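The lines below spell out each chain.
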Amino acid sequence: MDKLTRQREIVKNVATEPWVHSLQGLAKKFGVNQITLQRDLEEMKDNGFQFKKDGTERLYLHLSGWNGVVPVKAATLRQMEILRMLTATPQGLTVTEIYKRFNRRDEEEVSSKTLERAIKDLAKKNILKHRGEEYVICSEQMLPPLQLAEQEKTLLLEALNVARALAPFPDEMKTLEAKLKLWIGQNTHSRETIFVHGRTPTQDVHRSQCCFQLEEAAQNKKQVSILYRKEEEPARQLRLNPLGIVYYWVLDNWYLIAQDERDKRIKTYLVNRILDVTRLPESFAPIEGFDLKTWYQYAWGVYRDQNPIPVRIKFHNYYSTLNRVRAELAKRKTCTLVEDGEGLLMEDQVEGLDELAVWLRGFGAGAEVLEPPSLREKVTEEFSRLQQMYGGDSHGLD
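It should be emphasised that the depicted structure is a prediction, and the values quoted were computed from it without experimental measurement. (Residues numbered from 1 in each chain as written. Predicted model: local features only at pLDDT ≥ 70, side-chain atom pairs only at ≥ 80, totals over all residues. Heavy atoms only, no water.)

Undergrad: Provide a residue-level description of unusual backbone geometry, including the pertinent values.
TA: The step from Glu 371 to Pro 372 runs through a cis peptide bond, and the omega angle for that step is -5°. With respect to the helices and strands, Pro 372 occurs in the loop between β14 (367-371) and α13 (373-389). Positive phi, close to 70°, is recorded for Glu 57, a residue that is not glycine. As for its placement among the helices and strands, Glu 57 is situated in the loop between β1 (50-53) and β2 (59-63). A positive phi angle, near 65°, is found at Asn 126, a position not held by glycine. Examined against the element boundaries, Asn 126 turns out to sit in the loop between α6 (112-124) and β3 (128-131). Residue classification places Asn 126 among the partly exposed positions, given a relative accessible area of 46%. (Helix = DSSP H or I, 4+ residues; strand = E, 2+ residues; numbered from the N terminus. Buried < 20%, exposed > 50% of the residue type's maximum accessible area, 1.4 Å probe, protein only.)

See below:
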């Protein structure tokens, strides 16, 4: 058994049997010494995995990472975190401020000397520069957000395929390719991915790799085996026919839409709960009449009850309400917006009124539900709860 296979088996064993396996027991099971197992866990930690131990040294998988790639060095991760901090703070940060922010987290403390070495290395590469006592990003060295035409996307991805073949670290190129394909789209006409309300998310590496594998399997009609866990339950191994992935921006979550191979039902799986994905050699037959966009055309989020309800909502010219409504509903095909002197009238067919009510709550007095009465009641209940929470009086609501 090679190292990467062994590490995936560690994940499977610990996830399906939480608080059962110890380092000693796993070493015996895989026929290696404890030093090798400890090295495996350290490498997996660099790849985003987090394990917990109880009082008897039994393991629990707290967070999953990304499998099948060369581990990212801890020094590289530190530099990435420094760049993230400075990108979010354009005015810059001193070494002391970076140190304080770094050690706010519940992780191992990073010394000031270690951080100084990381910062100096980034400065030497002309990625950071001094501005007084603060360090700032060298904006001239950073890529701006890309807005590419279809032909440009195709050329970029073809160039990336060539670069991967020649790259000294091909596994790292795979991760980059996965993120780029999700970011700009390999072919927007054939992709098995939709963004509910049209916003594209910022991905972490684990979700990028996981989503790319699932989308690729859906495109090629290949079955997958996933390791899936809800909350702190033992993980389950599921065999699925992936049909596509959906991003719901309100909850900032990715969802896999797949047919369960056992009962043939189409179900929804939260990608954050997928600990591991294995693409299987077996193909599956397309589901007659299934189309991902049609499947979700009336859904407000990821909930579907196959019973779309007519909705009419009046948006008043209240702060930036109208601009926000136009922007967030621009790509919703079933929705119509009619402008009048008082604001916007929205008419739509919606599955998932609970999710719509949560969205409307963010508009406050800027949104008025006209139909249906059930949605009006849901929004009223939301505001009643808020008033009670903050000690207000809800008698004036109807």
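Having seen it, we continue.
Undergrad: Please provide a residue-by-residue account of the pairing of strand β4 (residues 134-137), values included.
TA: In the sheet, β3 pairs with β4 via 4 bridges, with the strands oriented antiparallel. Bridged to His 130 within β4 is Tyr 135. In this antiparallel pair of consecutive strands, β3 and β4, the connection spans 2 residues, and Gly 132 shows a positive phi of 70°. (Pairing = 2+ DSSP bridges.)

Undergrad: Tell me about the sheet that holds β14, and please be specific about residues and values.
TA: Strand order in this open sheet of 4 strands is β12-β13-β11-β14, and the pairing throughout is antiparallel. Either end of the sheet is taken by a strand with one partner, and the two such strands are β12 (336-340) and β14. Looking at each pair of strands side by side, their axes are set apart by 25° on average, direction ignored. Taken together, the 5 bridges between β12 and strand β13 (residues 343-350) define a ladder with antiparallel strand orientation. Looking across to β13, one finds that Asp 340 is bridged to Gly 343. The sheet contacts of helix α11 (residues 321-328) involve β11 (309-316), β12 and β13, and relative to β11 the element is tilted by about 145°. Each of β11 and β14 is contacted by α13, which is oriented at about 150° to β14, the strand it contacts most. (Axes fitted to C-alpha atoms, helices over the stretch in contact; angles between N-to-C directions. Contact = heavy atoms within 4.5 Å.)

Undergrad: I'd like a description of the nonpolar core, backed by residues and values.
TA: Ranked by internal contacts, the top residues of the largest apolar core, which has 49 residues, are Ile 313, Phe 315, Leu 356, Leu 360 and Leu 375. Examining the composition of this core, we find that 6 residues originate from one element, strand β7 (residues 236-248), more than from any other. Those residues in contact with Leu 375 that sit more than four places away from it in its chain are Val 311, Ile 313, Leu 353, Leu 356, Ala 357, Leu 360 and Val 369. If you look at the next biggest cluster of nonpolar residues, it comprises 17 residues, including Ile 10, Val 11, Phe 49 and Leu 275. (Core = buried A, V, L, I, M, F, W, Y, C linked by side-chain atoms within 4.5 Å.)

Undergrad: Got a sec to walk through the packing of aromatic side chains? Specific residues and values, please.
TA: Geometrically, a pair of aromatic rings is defined through the distance of the ring centres and the angle of the planes. Within the structure shown, the criterion is met by 8 aromatic pairs. Judged by centre distance (5.4 Å) and plane angle (90°), the ring pair of Tyr 228 and Tyr 269 falls under edge-to-face. Here Tyr 228 is found in strand β6 (residues 222-228), whereas its partner Tyr 269 is found in strand β9 (residues 266-270), with 41 residues between them in sequence. Residue Tyr 269 is classed as buried on the basis of its relative accessible area, which comes to 5%. The ring centre of Trp 295 lies 3.7 Å from the NZ or CZ of Arg 304, which sits over that ring. Over the face of the ring belonging to Phe 363 we find Arg 324, whose NZ or CZ atom lies 3.9 Å from the ring centre. (Phe/Tyr/Trp six-rings, centres within 6.5 Å; stacked < 30°, edge-to-face > 60°. Lys NZ or Arg CZ within 6 Å of the ring centre and 35° of its normal.)

Everything listed here is a matter of geometry and, on its own, says nothing about what the molecule does.
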